[in-house]
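# Secondary and tertiary structure notes
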Amino acid sequence: MTNASGTTEGGSTTGRIAQRLVNLLPPIMVAIAVSFWAFAPDAWVQNTWVVIAVSSAITLSVLLLEIPLERHEGWRMNRREFFTDLFYVVLSATVISKATNFLAEKPLESVKQSFGIATPWAEQMPWLLQVAFVVFLVEFGQYWMHRLMHNSTPFWLTHAPHHHITQLNAMKGAVGNPIELWLISLSVVILFDLQQSAVLAGYSVMGVVSTFAHANVRSNPPLFYSFIFTTIRHHSLHHSVPYEDTRCNYGNSLILLDRIFGTYKEGEAALVGQDDRRRLSIKEQWLFPFVPLIQKFRAKPTAGSAPLN
């Protein structure tokens, strides 16, 4: 028997053992990702196609797990959802990535060189500590940006399209308005002298965690993982329908930050979305931040029109 979150209640010993193994999938994949970059040859570390291949493998692996390990029937992938999600994954890996590099990372790198900023201590840290440092740097910035998006109307307008999704799947973390996708991608990692393999490992860890945190997979990782990293239980609650219920569990990958800063909330949601749970088209997602301005413009009386009495 399975409960609302897709986990086994009672059942055979074999079933319980199988579920425990399923629950270990996220930490196992994190360990595999870290191990890959720890032992990857320098040629692979410097090869963009290897980075793309690793990221794609993470996404595809979790996406395929949704088939045999479905958590909620209402989140089942269909053709429209798949191709919309794929569009955003490609957009994030190309246009958003290049915009981040050109508008944020390159200027930061220039500032670093101009002011002679050097952090040799960072590169001298143990490799695993460098990986953890990358995760912390990125997640700390994302946590506060994400929290701002839920507490400031202009920023919420860019983020709201992501909350109008009506189901969670492995690629859903990439779905949203391009402005939000760019804002949430910003970090200061470029300011620190770190081994490139450690940086890639850090991003791969966040890729695994975030993908599972959006996935329709009935995996409930053990406490040693879920106390630190975000899970689908944490993140589905963040995507629940009442707006006020979304103002919690901001950590994209590090739920630990919510525990520290008092925004952690226990629970899980099967129904996700906003307002009347109407799914937005790509066009609506892109125009969403500008809707108030468009409505205000349309409400203006045209020149020469008679005033209303």
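As a starting point, this report considers the structure included with it. Predicted model only: the values in this text are computed from it and were never measured.

### Focus: the packing of helix H7 (residues 127-149) against helix H8 (residues 153-163)
At their nearest, the axes of H7 and H8 sit 8 Å apart, and the two run at 95° to each other. One finds that H7 runs roughly perpendicular with respect to H8. Taking contact as the criterion, the partners of Met145, His146, Leu148 and Met149 in H7 are, on H8, Phe155, Trp156, Thr158, His159 and His163. In terms of residue class, the contact of H7 with H8 is built from five nonpolar, four polar and no charged.

### A closer look at the side chain of Ser204
Turning to its location among the elements, Ser204 is positioned in helix H10 (residues 196-213). Among the residues examined, Ser204 registers a relative accessible area of 8% and is labelled buried.

### Structural notes on the side chain of Asn177
Relative to the helices and strands, Asn177 resides in the loop between H8 and helix H9 (178-183). A relative accessible area of 1% places Asn177 in the buried class. Within the local environment of Asn177, its side chain forms a polar contact with the backbone oxygen of Trp286, the two atoms lying 3.1 Å apart. Beyond its immediate chain neighbours, meaning those up to four positions away, Asn177 contacts Thr158, Pro161, Gln285, Trp286 and Pro289.

### What to know about the layout of surface pockets
By volume, the second largest pocket is sized at about 220 Å³. Lining the second largest pocket, in full, are Val30, Ala31, Val34, Leu128, Val131, Ala132, Val135, Phe136, Val205, Phe229, Leu254 and Leu256. Looking at the lining of the second largest pocket, the elements with two or more residues in it are helix H2 (25-39) and H7. A per-element tally of the lining of the second largest pocket places H7 first, with five residues. Along the lines of polarity and charge, the residues of the lining of the second largest pocket split into 12 nonpolar, no polar and no charged.

### As for the nonpolar core
Core analysis: the biggest nonpolar cluster contains 45 residues, and Trp37, Leu194 and Val205 have the highest contact counts within it. Going through the elements one at a time, H2, helix H4 (48-65), H7 and H10 are the ones with two or more residues in this core. For this core, the element with the most residues is H10, which contributes nine residues. Excluding residues within four positions of it along the chain, Val205 makes contact with Val30, Val34, Val131, Val135 and Phe229. With 11 residues, the next largest nonpolar core counts Tyr88, Ile96, Val175 and Leu181 among its residues.

### Overview of the pattern of salt bridges
Opposite charge on two side chains permits them to pair, given that their charged atoms come into close proximity. For the coordinates displayed, the defined rule picks out 11 salt bridges. Taking the shortest distance from any N to any O, the salt bridge between Arg71 and Glu268 comes out at 2.7 Å. Of this pair, Arg71 sits in the loop between H4 and helix H5 (79-114) while Glu268 sits in the loop between helix H13 (256-261) and helix H14 (282-287); the two residues are 197 residues apart in sequence, bridging distant segments of the chain. In this structure Arg71 comes out as buried when scored by relative accessible area, which is 5%. For Glu268, a relative accessible area of 25% corresponds to the partly exposed category. Here Arg247 makes a salt bridge to Glu244, at a shortest N to O gap of 3.3 Å. Taking the relative accessible area as the measure of exposure, Glu244 reaches 52% and is therefore exposed. Salt bridges here are not isolated pairs; linked through shared partners, they connect Arg71, Arg233, Glu266 and Glu268.

### Some words on the packing of H2 against H4
Packed helices, taken two at a time, are described by their axes: the angle between them and the distance between them. At their nearest, the axes of H2 and H4 sit 12 Å apart, and the two run at 165° to each other. Comparing the axis directions of H2 and H4 gives the class roughly antiparallel. For the pair H2 and H4, the crossing hand works out as right-handed. Residue-level contacts link Leu25, Met29, Phe36 and Trp37 of H2 to Val50, Val51, Val54, Ile58, Ser61, Val62 and Leu65 of H4. Taken together, the residues of the contact of H2 with H4 sort by class into 10 nonpolar, one polar and no charged.

What counts and what doesn't
Residues numbered from 1 in each chain as written. Predicted model: local features only at pLDDT ≥ 70, side-chain atom pairs only at ≥ 80, totals over all residues. Heavy atoms only, no water. Axes fitted to C-alpha atoms, helices over the stretch in contact; angles between N-to-C directions. Helix = DSSP H or I, 4+ residues; strand = E, 2+ residues; numbered from the N terminus. Parallel < 35°, antiparallel > 145°, perpendicular 65-115°, else oblique. Contact = heavy atoms within 4.5 Å. Nonpolar A, V, L, I, M, F, W, Y, C, P; charged D, E, K, R; others polar. Buried < 20%, exposed > 50% of the residue type's maximum accessible area, 1.4 Å probe, protein only. Polar contact = N/O pair within 3.5 Å; in protein donor to acceptor, adjacent residues only side chain to side chain. 1 Å grid on protein atoms, 1.4 Å probe; cavity = no way out; pocket = protein on both sides within 12 Å on 5 of 7 lines; lining within 4 Å. Points joined across faces, edges and corners; volume = space filled by probe spheres on them. Core = buried A, V, L, I, M, F, W, Y, C linked by side-chain atoms within 4.5 Å. Salt bridge = Lys/Arg side-chain N within 4 Å of Asp/Glu carboxyl O. Left-handed = near helix turned anticlockwise from the far one by under 90°.

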